[in-house]
Amino acid sequence: MVGIYLLPMDTKRQLFIKAEDTTDPNYGCEPNKRSIEGLFERGIININKPPNPTSHEVVAWIKQILGVRKAGHTGTLDLNLLIQ
């Protein structure tokens, strides 16, 4: 199977629901009912970073563009570092 890669969407999965419950509006809202601002505030943005800017620069741009105080990244955003 060398050279064959499966994407997550190619794997059949079964959803298990442990318990049904509702969200108390005093403590938040359901994820699919959050505003765009709320998603940016507590969400994840996937970025296909071009080769030249550093990860630090991209994070700084995101903070400036979105007008947020906190932002960060995990791992490397440089694909060339991953392929050796």
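Calculation notes
Residues numbered from 1 in each chain as written. Predicted model: local features only at pLDDT ≥ 70, side-chain atom pairs only at ≥ 80, totals over all residues. Heavy atoms only, no water. Helix = DSSP H or I, 4+ residues; strand = E, 2+ residues; numbered from the N terminus. Areas by Shrake-Rupley, 256 points an atom, 1.4 Å probe, with all protein chains shown as cover. Patch = residues over 30% accessible without salt bridge, like charges linked within 9 Å, V, L, I, M, F, W, Y side chains within 5 Å. Salt bridge = Lys/Arg side-chain N within 4 Å of Asp/Glu carboxyl O. Buried < 20%, exposed > 50% of the residue type's maximum accessible area, 1.4 Å probe, protein only. Expected span 1.5 Å × (residues − 1). Arc of directions from axis to C-beta.

Undergrad: How should the overall build of the protein chain be read in this particular structure?
TA: Each helix and strand counted, the protein chain has three helices and zero strands in total. N-terminal to C-terminal, the α/β element order of the protein chain is α-α-α. For the protein chain, the accessible surface area stands at approximately 8,600 Å², while carbon and sulfur atoms represent 56% of it.

Undergrad: I would appreciate a short explanation of a nonpolar patch on the surface in the present structure.
TA: A cluster of nonpolar side chains, Ile36, Leu39, Phe40, Ile45, Ile47, Trp61, Ile65 and Leu66, forms an exposed patch at the surface whose accessible area comes to about 750 Å². Mapped onto the nonpolar patch, the elements with two or more residues apiece are helix 1 (36–42) and helix 2 (55–66). Counting through the fold element by element, Leu39 comes out in helix 1. The exposure class assigned to Leu39 is partly exposed, which follows from its relative accessible area of 39%.

Undergrad: Help me understand the environment of Ser55 in this model?
TA: Positionally, Ser55 belongs in helix 2. Between the alpha carbons of Ser55 and Gly72 there is a distance of 9.0 Å; along the sequence they are 17 residues apart.

Undergrad: Explain helix 2 here, please?
TA: Every α-helix carries 3.6 residues per turn, so stepping three or four residues along brings you back to the same face. Relative to the 16 Å expected for 12 residues at 1.5 Å per residue, helix 2 spans 17 Å between its end C-alpha atoms, a close match to the ideal helical length. All of the buried residues in helix 2 are Ser55, Val58 and Val59. The arc enclosing the buried residues of helix 2, seen along the axis, measures out at 100°, which places them on a common side. Among the exposed residues of helix 2, those pointing more than 90 degrees away from its buried face are His56 and Gln64. At the exit of helix 2 stands Gly67, carrying a positive phi of roughly 65°.

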